[in-house]
Amino acid sequence: GARMPSRAIPRERVRRKAATPESIYERVMNAILSHQLPPGTQLVEERLAAVFGVSRTQVRHALARLAHD
């Protein structure tokens, strides 16, 4: 599968409250629906955790919801 493009889910430019599994889910889902993340893209927990500035556990919760949906 393809690797996640570095610009598919832009890093936050402004310091905001920490990302939640819900907000991670929404941003990743929007990137998928807008084709910023092409089919077959690997969503790597470590990379997403770094992009969102959260733990892998929070990313794991968001990915579980994405897998369910």
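Throughout, residues of each chain are indexed from 1 in the direction in which the sequence is written. Two thresholds apply to this predicted model, a pLDDT of at least 70 for residue-level local features and 80 or more for giving and counting side-chain atom pairs, whereas whole-chain, interface and lining totals are computed over all residues. As a rule here, side-chain values come from all non-hydrogen atoms in the structure, and water together with hydrogens is ignored.

A. View of the overall build of the protein. The number of helices and strands found in the protein is three helices and zero strands. Across the 69 residues in the protein, those meeting the buried criterion constitute 29%. Contact criterion: two residues are considered in contact whenever any of their non-hydrogen atoms come within 4.5 Å of each other. Considering only intrachain contacts with a sequence separation of at least 6, the fraction spanning at least 24 residues in the protein is 69%. Here the open area of atoms and residues is found with the Shrake-Rupley method and a 1.4 Å probe, where only the protein chains shown may cover a residue. Just so you have it, the protein exposes about 5,000 Å², and 52% of that area is on carbon and sulfur atoms. Only DSSP runs of H or I with at least four residues qualify as helices, and only runs of E with at least two residues qualify as strands; both kinds are numbered from the N terminus onward. Buried, partly exposed and exposed residues are distinguished by accessible area as a fraction of the type maximum, computed with a 1.4 Å probe on protein chains only: under 20%, between the cut-offs, and over 50%, respectively.

B. Quick look at the side chain of Thr41. Residue position: Thr41 is located in the loop between helix H1 (21–33) and helix H2 (45–52). Looking at Thr41, the relative accessible area reads 15%, which means it is buried. Here the side chain of Thr41 touches Pro38 through a polar contact of 2.5 Å, landing on its backbone oxygen. Polar contact is defined as a pair of N or O atoms within 3.5 Å, subject to the rule that within protein one atom must be able to donate a hydrogen and the other to accept it, and that residues adjacent in sequence are counted only when both atoms are side-chain atoms.

C. Region of the structure containing H2. What H2 keeps buried is the set Leu48, Ala49, Val51 and Phe52. Looking straight down H2, one finds that the buried residues subtend no more than 160 degrees of arc, so they occupy a single side. For H2, the secondary structure elements touched by its buried residues are H1 and helix H3 (56–68). A positive phi of about 70 degrees marks Gly53, the residue just after H2. Of all possible arcs, the one meant is that of the directions from the helix axis to the C-beta atoms.

D. Structural view of unusual backbone geometry. We note that His35 has phi near 65 degrees; this positive angle belongs to a residue other than glycine. Mapped onto the elements, His35 comes out in the loop between H1 and H2.

E. Fine view of the packing of aromatic side chains. Note on ring pairs: Phe, Tyr and Trp rings are taken, using the six-membered ring of Trp, and paired if centres are within 6.5 Å. Classes follow the plane angle, with under 30 degrees stacked, over 60 edge-to-face and the rest tilted. With the rule as written, the count across this model stands at zero aromatic pairs. Only when the NZ atom of a Lys or the CZ atom of an Arg is both within 6 Å of the ring centre and within 35 degrees of the ring normal do we say a charge sits over the ring. One residue, Arg65, lies across the ring of Tyr25, its end atom 3.6 Å from the ring centre.

F. Representation of the packing of H2 against H3 in the model. To define axes, lines are fitted to C-alpha atoms, for helices over the stretch in contact only, and angles between the resulting N-to-C directions are given on a 0 to 180 degree scale. Where H2 meets H3, the closest approach of the two axes is 9 Å, and the angle between their N-to-C directions is 110 degrees. In this view, H2 runs roughly perpendicular relative to H3, as classed from their interaxial angle. Note on element contacts: H3 touches H2 through Arg56, Val59, Arg60 and Leu63, opposite Glu45, Glu46, Leu48 and Ala49. Classifying every residue of the contact of H2 with H3 gives four nonpolar, no polar and four charged. Just so you know how the angles are binned, under 35 degrees is roughly parallel, over 145 roughly antiparallel, 65 to 115 roughly perpendicular, and the rest oblique. In this classification, the charged set is Asp, Glu, Lys and Arg, the nonpolar set is Ala, Val, Leu, Ile, Met, Phe, Trp, Tyr, Cys and Pro, and all remaining amino acids, among them Gly, are polar.

G. Region of interest: the nonpolar core. What makes a nonpolar core is a set of buried Ala, Val, Leu, Ile, Met, Phe, Trp, Tyr and Cys residues whose side-chain atoms join them at distances within 4.5 Å. Counting 16 residues, the largest nonpolar core has Ile24, Val28, Leu48, Phe52, Val54, Val59 and Leu66 as the members making the most contacts within it. Listed by contribution, the elements that provide at least two residues to this core are H1, H2 and H3. For this core, the element with the highest residue contribution is H1, accounting for five residues.

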